[in-house]
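# Descriptive analysis of the structure
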Amino acid sequence: MELSERDITYLPGVGPKKAEVLKKEINIHSAEDLLSYYPFRYIDRSKIYSISEIQASSAYIQLKGKIIHFETIGEGAARRLIAKFKDESGIIDLVWFKGIKFIQNKYKFNTEYIVFGKPTLFGNKYNIAHPDIEEFDPKAEITGGLAGCYNTSEKMKNHFLGTKAIQRIIQSTLTSFANDITETLPPSIMKRANVISRKEALLNIHLPQNLDLLKKAEYRLKFEELFFLQLNIQRYSKQRSEKVGGYVFSKIGEHFNSFYHNYLPFPLTGAQKRVLKEIRVDLGSGHQMNRLLQGDVGSGKTLVGLMTMLMGLDNGFQACIMAPTEILANQHYESIKAFLKDMPIGVELLTGSTTKKKREPIHEGLRNGSIHILIGTHALIEDEVQFKNLGIAIIDEQHRFGVAQRAKLWAKNNHPPHILVMTATPIPRTLAMTVYGDLDVSVIDELPPGRKPIQTIHQFDNRRGSLYASMKKQLEEGRQIYIVYPLIQENEKMDLKNVEDGFYQIQAAFPDYRVCMVHGKMKAKDKDAAMQRFAACEAHIMVATTVIEVGVNVPNATVMVIENAERFGLSQLHQLRGRVGRGGDQSYCVLVTSPKLSNDTRKRMDIMVKSNDGFEISEADLSLRGPGDLEGTQQSGIAFDLKLANLATDGQIVQLTRDIAREIIEKDPALNMHENQLLARQLRKMFSKKFNWGIIS
Ligand code: ADP
Ligand code: MG
């Protein structure tokens, strides 16, 4: 029988009650599922710690000793049973919040126990909550090996499914059925990737014979996980590129050339030129372009977007650019109008606040082709917006848009337009490869000349005096300043209060300067008015929430003060910092935090102070937070779940799996060849129920 068909109910040591819990709590239904429930760490069972050795860094350990006392303390939810557990070196508290009676009856004084668990500091003493306990058996073989620790929920523990119990069930399953473990990789791939068999890997991930085999087992299982993910992505992107031919933009013409030679106010950077060439190749290729343009804040993506649209115009097509906020759409509109000056190109702006009266002629102009470039928010994907012939769509700061919205843009024509997605939120390479597969990526890795790197300073919030003094100096030199407060979504009133208090505080501290304010609760019209005042230098200080996070461009602003910086993620801090340093003057970013910092926050602040490199920062973000939390992954609609592989640290495996998957799909796009049947079957098994994100990207 295949392991995937073997119901866990009938595995040795399970039975209907436990099976029910395993199914509900951790979604384990079959022997196959059970064997893919990997330990999250290992304890060295050859070592028994003494209580006096315990330190803050002690992870999961085992102790040997006796319970000398029980007592129940606390009320309600805090009611708990405490056992004093003693060995030769000292005493530690074992704590239970549940099953108090049961525990107290089960364990006896004067019996030697082995206790497994993770000590945590409570007050100034260590304790172990809900430990696993077994009677010490002097005759039991000291395996000397590594024992897996499994995640277990409270409910599981209450049903005698603690980590030791899971260990036992897995062990007996392996003893009975190891020979039914089937291979998922053909020999050629195993050889190429130099991985051990699946059977050997599963045996050693659960019951490692030694550290070396554990490493090999991990490598094999990570490889498998990433390989099938890649194979799936490659398969769909191949299908897409074959099905969807692209408009061919065969020529560079009047618009592009005239702009390039007569209107461009400064030379393009090397990176901008390179990216434009890459785009040009795509547009002429006959395939639909699907390109992600990554460039750090201030690297000049808008201009690249504009020149890409001009290529479309030269070939008789319309173009559009979609921004996530009204402020940004406005700003693109203003800067594109300024770039194009008197060139005979119809440019219009369409946002949620465009009046009905203005909309009519815009709709008309789009249908008859007199409008060549449309700039807007998601208002431009509404159904009544119809183009004559949309050839290229640019999406700015894409992580704000969901897959569904992008799909809608696709559907604007009977033929999908070329798509260029611009983002300043750098997606780490490994993540981009895993999430987007073959979405082509261009990178602007060079800032326009003359920019000075932003200096970042971390300052505690009890030193406002010196902060205000340095702000004043900048103001006296004619510069402008942003002050940003975090949004705490659970409590909008508080948010508003933060910003408003800040506003009055700053007004009082800088009576000679004009202060304006922007926050999410303001009407779009008022927000824009305040932004405009700041952009025109009529206001010197802008107090704002994160609404200014993306895209806003005021080169004269040189100071970014971020209040409660501990509340922001790294990528967001970097985005905010990118609002300054956009002109030729030295700019500063001040991260204000409380002096009491968690380790994590301290790390984040240190990275910000040390690095100005968006890629480095997003890599650090990935390893601090994990990809699930990373901005962009959730919205992109990809809920993949990696059990062992870690995108932050397993980049090499990602690369290898991608190369191999690509070669296979190149040769056999539908996986019809005899030698690929194993792979085809495994893919069906893994992905049949899931959404095929490769279709849209
Ligand atoms: P982002 O990549 O963050 O969207 P922008 O497109 O807003 O950056 O560009 C930032 C600023 O740099 C703008 O004022 C833009 O006009 C200017 N800029 C763009 N390209 C160049 C260049 N090659 N040389 C000098 N300045 C440039
Ligand atoms: Mg931009």
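All residue numbers refer to positions counted from 1 along the written sequence of the respective chain. Chains carry letters from A onward and ligands carry numbers from 1 onward, assigned in written order. Owing to the predicted nature of the model, reporting of local features is limited to residues with pLDDT of at least 70; listing and counting of side-chain atom pairs is limited to 80 or more, with chain, interface and lining totals taken over all residues. Note that the side-chain values use all heavy atoms of the structure and ignore hydrogens as well as water.

Next up on the list: the site of ligand 1. One heavy atom within 4 Å of a molecule or strand makes the whole residue count as near it. Neighbouring ligand 1 are 18 residues, the closest being Gln272, Gly298, Lys301, Thr302 and Arg451. Between ligand 1 and Thr302, the relevant distance is 2.7 Å, taken from an oxygen atom to a side-chain nitrogen or oxygen of the residue. Contact with the protein chains hides 85% of the accessible area of ligand 1, taken as 570 Å² for the molecule alone. Helix numbers and strand numbers start at the N terminus; a helix is a DSSP run of H or I with at least 4 residues, a strand a run of E with at least 2. The element best represented in the shell around ligand 1 is helix H11 (residues 301–314), accounting for three residues. Gly falls in the polar group here, along with every residue not listed as nonpolar (Ala, Val, Leu, Ile, Met, Phe, Trp, Tyr, Cys, Pro) or charged (Asp, Glu, Lys, Arg). Grouping the amino acids of the shell around ligand 1 by side-chain chemistry returns seven nonpolar, seven polar and four charged. For this analysis, a polar contact is any N or O atom pair within 3.5 Å, provided that within protein one partner can donate a hydrogen and the other can accept it, and provided that sequence-adjacent residues contribute only side-chain to side-chain pairs. In these tables, accessible area is a Shrake-Rupley quantity obtained with a 1.4 Å probe, and a residue counts as shielded only by the protein chains included in the view.

To continue, consider the confidence of the model for the protein. pLDDT is a residue-level measure of predictor confidence that goes from 0 to 100. Summarising the model, the protein shows a mean pLDDT of 85, and 87% of its residues fall at 70 or more. Element-level pLDDT for the protein is lowest in helix H14 (residues 403–410), with a mean of 59, against a maximum mean of 97 in strand S12 (residues 347–350). Confidence over residues 628–639 falls short of pLDDT 50; this stretch has 27 contacts with residues more than four positions distant or in other chains. Here, residues are in contact when the closest pair of their heavy atoms is within 4.5 Å. Confidence over residues 689–697 falls short of pLDDT 50; this stretch has 21 contacts with residues more than four positions distant or in other chains.

The seven strands lie next to each other as S12-S13-S11-S14-S15-S10-S16, forming an open sheet whose pairing is parallel. Each edge of the open sheet is held by one strand with a lone partner, namely S12 and strand S16 (440–444). Averaged over all pairs of adjacent strands, the angle between strand axes in this sheet comes to 20°, irrespective of strand direction. Looking at chain direction, strand S10 (residues 290–295) and strand S15 (residues 418–423) are connected through five bridges and run parallel. Counted as the bridge partner of Arg291 is Leu420 from S15. Axis definition: a line fitted to C-alpha atoms, over the contacting stretch in the case of helices. Angles run 0 to 180 degrees between N-to-C directions. Docked against the sheet, helix H12 (residues 326–340) engages strand S11 (318–322), S12, strand S13 (373–376) and strand S14 (390–396), running at close to 170° with respect to S12. The rule for pairing is simple: two strands pair if DSSP sees at least two bridges between them.

Even without being a glycine, Lys341 presents a positive backbone phi close to 40°. Considering the arrangement of structural elements, one finds Lys341 in the loop between H12 and S12. A residue is classified by how much of its surface remains accessible, and Lys341, at 59% relative accessible area, is exposed. Located in the positive-phi region is Asn564, a residue other than glycine, with phi close to 50°. In this structure, Asn564 sits in the loop between strand S21 (557–562) and helix H19 (570–577). Only protein chains enter the area calculation, which uses a 1.4 Å probe; residues under 20% of their type maximum are buried, those over 50% are exposed, and those in between are partly exposed.

All right, on to the environment of Leu573 then. Tracing the sequence through the fold places Leu573 in helix H19. Judged by relative accessible area, Leu573 falls into the buried class, the value being 0%. Between the C-alpha atoms of Leu573 and Leu591, which are 18 residues apart in sequence, the distance is 8.8 Å. Every residue in contact with Leu573, bar those within four places of it in the chain, is listed here: Ile562, Ala565, Phe568, Leu591, Met605 and Met608.

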